[in-house]
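The primary structure of each chain is shown beneath.
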Amino acid sequence: LYEPSAMLASAVVVDESAAGAMDGSIDLTVSGGTPCPTLSSGYCTTSVGPTSSYDSELQSVLLLGDAGTSINYANVCVQGGGVIGLNDQTALSASLTEGNSYTIDVDFGTCGGTYSGFGEIWIDYDMDGTFSTSESIGLATANTGVNPFTFTVPLGSASGTTRMRVMQHEGISTTPLSPCASFLWGSVVDFSIVLNGGGVGYTFSWSTGDTTEDISG
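The model shown is predicted, which means the values in this text are computed figures rather than measured ones.

### Some points on the pattern of salt bridges
Side chains that carry opposite charge are capable of pairing whenever their charged atoms lie near each other. All told, the structure shown has two salt bridges when counted by the stated rule. Two residues, Asp190 and Arg163, come together in a salt bridge whose shortest N-O distance is 2.7 Å. Of this pair, Asp190 sits in strand E13 (residues 186–196) while Arg163 sits in strand E11 (residues 160–170), and the two are 27 residues apart along the sequence. Grouping residues by exposure puts Asp190 and Arg163 together as buried. Salt-bridge contacts for Asp190 lead to Arg165; the nearest nitrogen and oxygen are separated by 2.7 Å. A residue pair is termed long-range when its members are at least 10 positions apart, and Asp190 in strand E13 and Arg165 in strand E11 qualify at 25 residues. Neither residue differs from the other here; Asp190 and Arg165 are each classed as buried. Here the salt bridges share partners, and the residues they tie into one network are Arg163, Arg165 and Asp190.

Structure follows, in structure tokens:
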């Protein structure tokens, strides 16, 4: 359990120029908070990832989110100790806010021999159950140590709980990677991401009866 990120609101208020002029306005900005969980479904979770537990394997992932949330994954493995298929780590989560930038540190390593390949990371920002090319936040050559990737959560991202997928594909020479690929050696690990949209995901109720974020009149 962790404390939800604080909900923040600020407003720019312009008063009427004269009583009854109806030319006043309130420009409201809202951020933070933790939305109700709306877990996406439909992800490719079977027939994905490695069919062998040897060699290339994701070694570590570190992502510091909002309000002290973080994903801190470390895999201490030996030859033959890798995970076959999808490694479901969705119990680990970090909270992110649209418009903010974050850095994720990833080590695409090995549980045995060192071989060529690539690693890639996606976040399902629109929560449609797929990892599209535009949702890739990092791509790197495998076995090059810890790789830092800085990314910005797009404005207008959905609010709720979604998935981040980290893939390492041994032996492949072409990129980008396919997030639903099945292959012999490597790893596929899923984590949870809580997205806190700015004006998206909030509801508004003014004393005037308006339900928009900003009002005038």
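### As for the state of the cysteines
Counting across every chain of the model gives two disulfides. The disulfide partner of Cys44 is Cys180, and the gap between their sulfur atoms is 2.0 Å. Measuring the twist about the S-S bond at about -80 degrees, one finds the Cys44-Cys180 disulfide to be left-handed. Residue Cys44 is located in the loop between strand E2 (25–32) and strand E3 (49–50), and its partner Cys180 is located in the loop between E11 and strand E12 (182–183); the two are separated by 136 residues in the primary sequence. Judged by its relative accessible area of 39%, Cys180 is partly exposed.

### A closer look at the sheet that holds strand E7 (residues 101–110)
Pairing between the strands of a sheet comes from backbone hydrogen bonds, and it takes one of two forms, parallel or antiparallel. Spatially, four strands are ordered E5-E4-E7-E10 in an open sheet, and the strand pairing comes out antiparallel. Each having just a single partner strand, strand E5 (70–74) and strand E10 (146–152) make up the two edges of the open sheet. Put simply, the sheet's adjacent strands are angled 25 degrees from each other on average, direction ignored. Inspection of the sheet shows strand E4 (residues 56–64) paired to E5 by five bridges, in the antiparallel sense. Within E5, the position partnered with Val61 by the bridge is Tyr73.

Rules used in this analysis
- Residues numbered from 1 in each chain as written.
- Predicted model: local features only at pLDDT ≥ 70, side-chain atom pairs only at ≥ 80, totals over all residues.
- Heavy atoms only, no water.
- Salt bridge = Lys/Arg side-chain N within 4 Å of Asp/Glu carboxyl O.
- Helix = DSSP H or I, 4+ residues; strand = E, 2+ residues; numbered from the N terminus.
- Buried < 20%, exposed > 50% of the residue type's maximum accessible area, 1.4 Å probe, protein only.
- Disulfide = S-S within 2.5 Å.
- Pairing = 2+ DSSP bridges.
- Axes fitted to C-alpha atoms, helices over the stretch in contact; angles between N-to-C directions.

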